[in-house]
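Structural overview for review
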Amino acid sequence: MKRAIAIAFQDGVARREGRSLYTGFKIPFSHLLVPDFLTIEASDLAYWREQGYRYLKVKLGKDLESETKQLLAMANIGGSDFKWRLDFNASLSPSDFNAWLERNKGLWPLIDSIEDPASSVTGVVTQSVPLFADRAGDFENWHRVIKPETEDIPPRHPEKRFIFTNNLGHP
């Protein structure tokens, strides 16, 4: 609630002053969060491509075998038109994540990021694909997913990437 009020206050001040908070910023086209990932088809990819999306975010970890089969199929159909942002929501152990990553080396060139791959940073292989955390703490050496409505934007770090997104449960 505090972040929502702070953002509304900043917006209100800028509007009263007749200025945009976006002046001087290039706002990139964002990723598409793919709901019901297991049910998408080639026609969905074609539609999203026409809409201008190039990054697709999918949640993995509930039924990893089926999700991986679907990801491989969609990656083969979409080819290099799309980069995938995978979010495991810390559902795997470090060893299970490492094994999954090793088994799916063919996907590496198509993966833009992997968010919260495991329940712990200890033991996670970090050199093959960009790893992101949506919270600080033990994951401070990883790239970050920033949700401005729930946290302050951290200072820019030259070696880290930020992906800005929203918190789906935020009012």
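This write-up is about the structure you can find in this document. (Residues numbered from 1 in each chain as written. Predicted model: local features only at pLDDT ≥ 70, side-chain atom pairs only at ≥ 80, totals over all residues. Heavy atoms only, no water.)

Here's the deal with the packing of helix 2 (residues 42–51) against helix 3 (residues 64–78)
Across the interface, helix 2 lies against helix 3 with an axial gap of 10 Å and an inter-helix angle of 50 degrees. By the angle class used here, helix 2 and helix 3 are oblique. Crossing geometry of helix 2 relative to helix 3 is assigned as right-handed. Across the interface between the two elements, Ala42, Leu45 and Arg49 of helix 2 pack against Met74, Ile77 and Gly78 of helix 3. Considered class by class, the residues forming the contact of helix 2 with helix 3 number 4 nonpolar, 1 polar and 1 charged. (Axes fitted to C-alpha atoms, helices over the stretch in contact; angles between N-to-C directions. Helix = DSSP H or I, 4+ residues; strand = E, 2+ residues; numbered from the N terminus. Parallel < 35°, antiparallel > 145°, perpendicular 65-115°, else oblique. Left-handed = near helix turned anticlockwise from the far one by under 90°. Contact = heavy atoms within 4.5 Å. Nonpolar A, V, L, I, M, F, W, Y, C, P; charged D, E, K, R; others polar.)

Some points on the nonpolar core
In terms of nonpolar packing, the biggest core is built from 31 residues, with Trp84, Leu86, Phe97, Trp100 and Ile114 touching the most fellow members. The set of elements that each furnish at least two residues to this core consists of helix 2, strand 2 (55–59), helix 3, strand 3 (83–87), helix 4 (94–103), strand 4 (111–115) and strand 5 (131–133). It is helix 3 that provides the largest number of residues to this core, a total of 4 residues. Leucine 86 has contacts with Val58, Leu60, Leu71, Trp100, Ile111, Ser113, Ile114 and Glu115, leaving out every residue within four places of it along the chain. (Core = buried A, V, L, I, M, F, W, Y, C linked by side-chain atoms within 4.5 Å. Buried < 20%, exposed > 50% of the residue type's maximum accessible area, 1.4 Å probe, protein only.)

Topic: the pattern of salt bridges
For the structure on display, the rule yields 10 salt bridges. Aspartate 87 is the partner of lysine 57 in a salt bridge, and the nearest nitrogen-oxygen pair spans 3.6 Å. In this pair, lysine 57 sits in strand 2 while aspartate 87 sits in strand 3, placing the two residues 30 residues apart along the sequence. A single burial state applies to lysine 57 and to aspartate 87, both of which are buried. The residue glutamate 115 makes a salt bridge to lysine 57 at a minimum N-O spacing of 2.9 Å. Pair noted here: glutamate 115 is in strand 4 and lysine 57 is in strand 2, with a separation of 58 residues, a long-range link. What makes lysine 57 buried here is its relative accessible area of 7%. Sharing partners across several salt bridges, the network here consists of Lys57, Lys59, Asp87 and Glu115. (Salt bridge = Lys/Arg side-chain N within 4 Å of Asp/Glu carboxyl O.)

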